[in-house]
Amino acid sequence: MVALGFVLIYRTTEMVNFAQGDLMMLGAFLAYSLIELANLPLIVGLLGTMMAMALIGLVLERLLLRPMIGEPLFAVLMITIGLGLILRTVAVAVWGAETKTLDTPMSGGVLRLGGLSIGYENLAVIGGTALCCGALYLFLRFTRVGIAMQASSQNQKAAYFVGIPVRRMVALAWAVSAAIAGLAGVLVAPISLIDPMMGFIGIKAFAAAIVGGLGSLAGAMVGGLLIGVVEQLAGLYLPPSLAGVSGYGVLLIMLLVRPEGLFPTLQAKKV
């Protein structure tokens, strides 16, 4: 799901947001505050987290990214890397460095099908990711706003000349991406401990997006599943020192063999 945020930003702005994982971390802490500390119901806490993260995405785009329009891509990348560091520092200052846990009605539940056992939390992640990917595809493919967002990515000047509010489309992309990160934080919080460093999963998510094809929503899902399965098998058959980097090994092989990814997107610019 974090990889979906990478893909959405890239498809609509041709930028790479290396703070996506840290936005997920921030969403997990917000969910902890709403659900555990404020004792709100899970669905209310989830919706509140997504709305708060969407607002944060809008503010970040307006204050940090919009002034960078027209600047070299490297400068934008450095801005997002610095943003991730700032978010981790803010999380430590507000919630402390101690790990937190988030209990939900799904916590501890297990679905058993023959010899297969799957936790309800894992099923929630799978279902939430599938629904999010499907909703994003329908939004970008069949809605006027989604098509306008893609047009802004392909040629901002041409989109502006035909009446598309390019800056508004970019802001919307960041808001939706931050909301997705918040949803990912809510879903992953019951499975793993909430920690200011948990945002480093964004590096693996970026690798998943590259493997699947940066710009492809389906590729983000397939890439994430591929890297996850490889890491599990590596942990079973390889020494621990190699198992932790097996996902990046898949990334390197993909860059050598098929640099455009499993599901390459059309690179031609439309005017």
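Just so it is clear, the structure is predicted and the values come from calculations on it, not from any experiment.

### Some words on the layout of surface pockets
Its boundaries defined by the atoms lining it, the largest pocket holds a volume of some 1200 Å³. Taken together, 29 residues form the lining of the largest pocket, with Met1, Val125, Ile201, Gly224 and Gly228 sitting closest to its centre. If one sorts the elements of the lining of the largest pocket by residue count, helix 10 (residues 217-237) sits on top with 9 residues. Of the residues in the lining of the largest pocket, the class split is 22 nonpolar, 5 polar and 2 charged.

### A look at helix 1 (residues 2-13)
The first and last C-alpha atoms of helix 1 sit 17 Å apart over 12 residues, in line with the 16 Å expected at 1.5 Å per residue. Counting buried positions along helix 1 gives 10 out of 12 residues, so the element sits mostly inside the fold. Among the residues of helix 1, those classed as buried are Val2, Ala3, Leu4, Gly5, Phe6, Val7, Leu8, Ile9, Thr12 and Thr13. Following helix 1 by one or two positions, Glu14 adopts a phi angle in the positive range, close to 60 degrees.

### A look at the environment of Ser107
Turning to its location among the elements, Ser107 is positioned in the loop between helix 4 (73-95) and strand 1 (110-113). Remark: the alpha-carbon pair of Ser107 and Ile81, spanning 26 residues in sequence, is separated by 33 Å. Aside from chain neighbours lying at most four places away, what touches Ser107 is Leu102, Glu121 and Pro190.

### Regarding a nonpolar patch on the surface
A contiguous nonpolar patch, built from Val229, Leu233, Leu236, Tyr237, Leu238, Leu242 and Val245 and spanning about 710 Å² of accessible area, is present on the exposed surface. With 4 residues, helix 10 is the single largest residue contributor to the nonpolar patch. Inspection of the secondary structure assignment puts Val245 in the loop between helix 11 (240-243) and helix 12 (246-257).

### Some words on the pattern of salt bridges
Two side chains of opposite charge can pair, provided their charged atoms sit close to one another. Tallied over the entire structure, the rule returns 4 salt bridges. As a salt-bridge pair, Arg88 and Asp22 come within 3.0 Å of each other at their nearest N and O atoms. Taken as a pair, Arg88 in helix 4 and Asp22 in helix 2 (residues 20-37) lie far apart in primary sequence, 66 residues in all. For the pair formed by Arg88 and Asp22, the shared burial category is buried. Linking Glu260 and Arg258 is a salt bridge whose minimum nitrogen-to-oxygen distance equals 3.8 Å.

### Notes on the environment of Ser246
Along the chain, Ser246 turns up in helix 12. On the basis of relative accessibility, which here comes to 12%, the residue Ser246 falls in the buried class. Taking C-alpha positions, Ser246 is 19 Å from Val2, a pair spaced 244 residues apart along the chain.

### Here's the deal with the packing of aromatic side chains
Inspection of the entire model under this criterion finds 6 aromatic pairs. Each residue in the set Phe6, Phe18 and Phe206 is aromatic and connected to the rest through ring pairs, giving one cluster. Over the ring of Phe142 we find Arg141, and its NZ or CZ is 5.1 Å from the ring centre.

### Looking at the packing of helix 10 against helix 12
Between helix 10 and helix 12, the least distance of the axes is 8 Å, while the angle of their chain directions is 130 degrees. By the angle class used here, helix 10 and helix 12 are oblique. Judged by the sense of rotation from one axis to the other, the crossing of helix 10 with helix 12 is right-handed. Here Leu226, Ile227, Val230, Glu231 and Ala234 of helix 10 come into contact with helix 12, specifically with Ser246, Gly247 and Val250.

### Some details on the pairing of strand 1
With 4 bridges joining them, strand 1 and strand 2 (residues 116-119) adopt antiparallel strand pairing. In the strand pairing of strand 2, Val110 is matched with Gly119. Counting the residues that bridge the hairpin from strand 1 to strand 2 gives 2 residues, and of these Gly114 lies at a positive phi of roughly 65 degrees.

### Considerations on the environment of Ala124
Structurally, Ala124 can be placed in helix 5 (residues 120-142). Counting along the chain gives 18 residues from Ala124 to Met106, while the straight-line C-alpha distance between them is 8.4 Å. Excluding residues within four positions of it along the chain, Ala124 makes contact with Met106 and Leu187.

How each quantity is defined
- Residues numbered from 1 in each chain as written.
- Predicted model: local features only at pLDDT ≥ 70, side-chain atom pairs only at ≥ 80, totals over all residues.
- Heavy atoms only, no water.
- 1 Å grid on protein atoms, 1.4 Å probe; cavity = no way out; pocket = protein on both sides within 12 Å on 5 of 7 lines; lining within 4 Å.
- Points joined across faces, edges and corners; volume = space filled by probe spheres on them.
- Helix = DSSP H or I, 4+ residues; strand = E, 2+ residues; numbered from the N terminus.
- Nonpolar A, V, L, I, M, F, W, Y, C, P; charged D, E, K, R; others polar.
- Expected span 1.5 Å × (residues − 1).
- Buried < 20%, exposed > 50% of the residue type's maximum accessible area, 1.4 Å probe, protein only.
- Contact = heavy atoms within 4.5 Å.
- Patch = residues over 30% accessible without salt bridge, like charges linked within 9 Å, V, L, I, M, F, W, Y side chains within 5 Å.
- Areas by Shrake-Rupley, 256 points an atom, 1.4 Å probe, with all protein chains shown as cover.
- Salt bridge = Lys/Arg side-chain N within 4 Å of Asp/Glu carboxyl O.
- Phe/Tyr/Trp six-rings, centres within 6.5 Å; stacked < 30°, edge-to-face > 60°.
- Lys NZ or Arg CZ within 6 Å of the ring centre and 35° of its normal.
- Axes fitted to C-alpha atoms, helices over the stretch in contact; angles between N-to-C directions.
- Parallel < 35°, antiparallel > 145°, perpendicular 65-115°, else oblique.
- Left-handed = near helix turned anticlockwise from the far one by under 90°.
- Pairing = 2+ DSSP bridges.

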